[in-house]
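# A look at the structure
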Amino acid sequence: MPAQNQKMATDVAARGAAALRAGDWEAARSAFERAVAEAEPPEALDGLARALWWLTDVEGAVSYRARAFTGYRRRGDRVTAARIAWWLVREYATVLQNRPAANGWLARARRLTEPEPTAATRGWLALAEAELAPDPADHRRHAEAAYTLAREAGDPDLEIYALGHRGLALITAGQVVAGITDLDEAMAAAGEANAPETIGDTLCRLMTAAELVGDPDRFSRWNRALEVFMAEHRHVPLYGFCFTCCGEVAAGAGQWEEAEGFYTRAVRQLAQAGHGARCAHPVTRLALLRIRQGRFAEAEGLLSAYRDLPEAVEPLAALLLARGQAAAASRLLQRRLARLGHHTLPAAPLLSMLARARAASADLDGARDAAGQLAELAERSGLDWVRGLAALAAGRVAAAQPRTDDADQHFDRAIAAFEAANRPLERAVARRELARLWAQRRPDLAAEEARAAYQEFERLGARLEADETAALLRSLGVRGRTGPKRLGQLSQREREVLELVAEGLTNAEIAARLFISTRTAGNHVSNLLMKLGARSRTEAAAMVLRDPARSGSGTGISPHAPRR
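Residues numbered from 1 in each chain as written. Predicted model: local features only at pLDDT ≥ 70, side-chain atom pairs only at ≥ 80, totals over all residues. Heavy atoms only, no water.

## Here we look at the overall build of the protein
Quick note on the threshold: Runs of H or I in DSSP of at least four residues are treated as helices and runs of E of at least two as strands, each being numbered from the N terminus. Remark: exposure states derive from per-residue accessible area (1.4 Å probe, protein chains only) relative to the maximum for the residue type, with buried under 20%, exposed over 50%, and partly exposed in between. Two residues qualify as a contact provided that any one of their heavy atoms is within 4.5 Å of a heavy atom in the partner residue. Accessible surface is estimated by sampling points in the Shrake-Rupley manner with a 1.4 Å probe; for residues, cover comes only from the protein chains shown.
Each helix and strand in the protein was counted, giving 29 helices and 0 strands. When each of the 564 residues of the protein is scored for burial, the buried share is 55%. Counting contacts in the protein only where the partners sit at least 6 residues apart, residues at least 24 apart contribute 59% of the total. For the protein, the computed accessible surface area is about 24500 Å², with 48% contributed by carbon and sulfur atoms.

In structure tokens, the structure reads:
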């Protein structure tokens, strides 16, 4: 290779590296392409791969990084080769969904540690082992090894990656406080990172942790860092992570319209980028939301191409339960939990569903076992929403037995825990279960709890739950007269809202039309449904259409009434 070409390639590669640090991906690609054309130094191959990755060309990035690996290995730079091998393991496993290729690159990384490995080489290998570890305990063990070796080698990027991996592994295992501490340290050390990808990966793990913990306030201190990084780098995986995780947090808090917006944006960003989902695919989360809304056909359509994903089990089991196929749901959940582990935080919603399915199948011993596992996880994690799921499951088991005196106490604890965790859907479910328990011996209190649950379900748009609760209310003798005569009991604002409901507007659209908050609009809808005795928005809208006072020029409910 002529020395002149080598020098030119080195100079151009240096300009490409500067462009990478500045976040100018196109300039970086152009510079590295010239350097590769001149002499193909591994630095240029690696730089081109990184630029292509930022520009969403994953396959191109993988191809050039594989060539860079060969170049570094031949040069004797085993540390850089090991880092590239780790990266290839991750991309093949999480994005390209090619496990054999990921295993192959893991084997290549292992060979780099022979015969005299350095601490850094072994550290990047440990990180690669963590990427493919199916068990959270193994993941944590490899991450701890990577952290120790990073400290020994003085490699800040390896240390930050290892802290992120270990922190998320701890949270997954239910050790929330220790895991958050690791992630906080990783973020605090982010300024020492040599590559922007290191910071982006840590932010991704931070967002995943926020979703698992279900408490975004614990991570709010890093919001500004996230905003700045996104503005400067447009980190593509973070778009998918952020929108999906934010959607989960919003859905849990009862902000379903916001959640839907996050999910659809995540789907769109991933489609535009050509990247695979690195966490739960947003389509599966959107499908679960559709099931909660009673829109089963849409949910099935969404899941049709994603049924084989592990994260599709939850919505698929929810569909089976909604259709009364508890035994089938139980089998599906058990298979998933066998692979996921019963004692991990992601197992909590599946265990809750399994307890419900087993109770519905009269398998009280199995339901009690699932409730017990939830209780252990709640104790270990200290999370209110897990405590709520455990208490709800215990209440269902107790209520299914011939004689029990503590079911109502379990439901009361569930209501309090879900209130503390800001989980309105689950809180309303617990209130409905308490109402069902009290239906025979305390019908007045049962009606009060059922009515509160119904209003919450209607506000959320949880159609299936609302219909089930309305049936319970009718069995308790709480019957609302339907028809135009009831329209006169609405306030002026409720009449305005009802007219917009009849036009088919969502709560968010009603809020925008009337210059009120989405929550206030939802409260108005819940109140008017209760006053009308309507079981759904559709039924309420039908009352408007049947109103004889309604005409084209003037009605009892004017869409042009003054806004307040």
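Resuming the write-up.
## A word on the packing of aromatic side chains
Basically, it comes down to this: In this analysis, rings of Phe, Tyr and Trp, with Trp reduced to its six-membered ring, are considered paired at centre separations within 6.5 Å, and the interplanar angle assigns stacked below 30 degrees, edge-to-face beyond 60, and tilted for intermediate values. The criterion is that NZ of a Lys, or CZ of an Arg, lies within 6 Å of the ring centre and within 35 degrees of the ring normal, and then a charge sits over that ring.
This structure, assessed with the given rule, holds 6 aromatic pairs. The rings of W25, W53 and W54 are connected pair by pair, giving a single aromatic cluster. The ring of W87 has R65 sitting right over it, with the charged end atom 4.8 Å from the ring centre. Of note, R442 hangs over the ring of W438, and the distance from its end group to the ring centre comes to 4.7 Å.

## Quick look at the nonpolar core
So the rule is basically this: To define a nonpolar core, start from buried Ala, Val, Leu, Ile, Met, Phe, Trp, Tyr and Cys residues and group those joined through side-chain atoms within 4.5 Å.
Counting 153 residues, the largest nonpolar core has I171, F219, L345, W385, V386 and F457 as its most contacted members. Look past the residues within four positions of L345 in its chain and what remains in contact with it is I171, T172, L212, V213, L377, S381, L383, W385 and V386. Residues V501, I510, L532 and A534 belong to the second largest nonpolar core, which totals 19 residues.

## Notes on unusual backbone geometry
Residue Q97 is not a glycine yet carries a positive backbone phi of 55 degrees. Topologically, Q97 is positioned in the loop between helix 5 (78–95) and helix 6 (99–111). Judged by its relative accessible area of 54%, Q97 is exposed. Notably, A362 is not glycine yet its phi reads approximately 65 degrees, a positive angle. Note that A362 resides in the loop between helix 19 (348–360) and helix 20 (364–381).

## Structural notes on the packing of helix 10 (residues 176–188) against helix 11 (residues 196–213)
In a packed pair of helices, the relevant descriptors are the angle between the two axes and the axis-to-axis distance. For the record, the criterion: Convention adopted: a line fitted to C-alpha atoms gives each axis, helices being fitted over their contacting stretch, and angles between N-to-C directions are expressed from 0 to 180 degrees. Put simply, angles under 35 degrees are roughly parallel, angles over 145 are roughly antiparallel, angles from 65 to 115 are roughly perpendicular, and the rest are oblique. If you view the pair so one helix is near and one far, a crossing is left-handed when the near helix is turned anticlockwise from the far one by less than a right angle, and right-handed when it is turned clockwise. Residues are grouped as follows: Ala, Val, Leu, Ile, Met, Phe, Trp, Tyr, Cys and Pro are nonpolar; Asp, Glu, Lys and Arg are charged; every other residue, Gly included, is polar.
Viewed as axis vectors pointing N to C, helix 10 and helix 11 meet at an angle of 155 degrees, and their least axial separation amounts to 10 Å. Considering the angle they form, helix 10 stands roughly antiparallel to helix 11. As helix 10 packs across helix 11, the resulting crossing turns out to be left-handed. Contacts between helix 10 and helix 11 pair V176, L183, A186 and M187 from the former with T202, L203, R205, L206, A209 and V213 from the latter. A per-class count over the contact of helix 10 with helix 11 returns 8 nonpolar, 1 polar and 1 charged.

## Re helix 19
Put simply, the rule reads: Helix span, as expected, comes to 1.5 Å for every residue beyond the first.
The terminal C-alpha atoms of helix 19, which comprises 13 residues, lie 18 Å apart, in line with the 18 Å expected from a rise of 1.5 Å per residue. Burial in helix 19 covers these residues: A348, L350, L351, S352, M353, L354, A355, A357, R358 and A359. Looking at the buried residues of helix 19, the elements they touch are helix 17 (313–322), helix 18 (326–340), helix 20 and helix 21 (384–399).

## Observations concerning the pattern of salt bridges
Put simply, the rule is: Salt bridge, as used here, is a side-chain nitrogen of Lys or Arg placed within 4 Å of a carboxyl oxygen of Asp or Glu.
This structure, assessed with the given rule, holds 38 salt bridges. One continuous salt-bridge network, built from bridges that share partners, spans R396, R432, E433, R436, E465 and E468.

## Considering the confidence of the model for the protein
Our working definition: What pLDDT reports is the predictor's confidence in each residue, on a scale of 0 through 100.
Confidence along the protein averages 86 in pLDDT terms, with 90% of residues attaining 70 or more. Within the model, the stretch residues 480–484 combines pLDDT values under 50 with 15 contacts to residues more than four positions away or in other chains. Segment residues 551–564: pLDDT under 50, and 24 contacts once partners within four positions in sequence are set aside and those in other chains are kept.

## What about the packing of helix 9 (residues 156–172) against helix 11?
For the pair helix 9 and helix 11, interaxial distance at closest approach is 10 Å and the crossing angle is 10 degrees. Judged on the interaxial angle alone, helix 11 and helix 9 are roughly parallel. Contacts between helix 9 and helix 11 involve D157, I160, Y161, G164, H165, L168, I171 and T172 on the former and, on the latter, E197, T198, D201, T202, R205, T208, A209, L212 and V213. Residues of the contact of helix 9 with helix 11, tallied by class, amount to 7 nonpolar, 6 polar and 4 charged.

## Topic: the side chain of E458
Operational definition: Here a polar contact is taken to be a pair of N or O atoms separated by no more than 3.5 Å, where protein atoms must pair a possible hydrogen donor with a possible acceptor and residues adjacent in sequence count only if both atoms sit in side chains.
Here E458 is to be found in helix 24 (residues 443–460). Residue classification places E458 among the buried positions, given a relative accessible area of 2%. Separated by 2.7 Å, the side chains of E458 and R463 make a polar contact. Setting aside chain neighbours within four positions, we find E458 in contact with R463, A466, S526, L529, R535 and S536.

## Structural notes on helix 8 (residues 136–153)
Between its first and last C-alpha atoms helix 8 spans 25 Å; for 18 residues at 1.5 Å apiece the expected length is 26 Å, and the two agree. When helix 8 is considered as a whole, its buried residues turn out to be P136, H139, H142, A143, A146, Y147, L149 and A150. The inward-facing, buried residues of helix 8 abut helix 7 (119–132), helix 9 and helix 10. Where helix 8 begins, the capping side chain belongs to D135, and its oxygen is found 2.8 Å from the backbone nitrogen of A137. Of the residues one or two after helix 8, G154 is the one with positive phi, at around 70 degrees.

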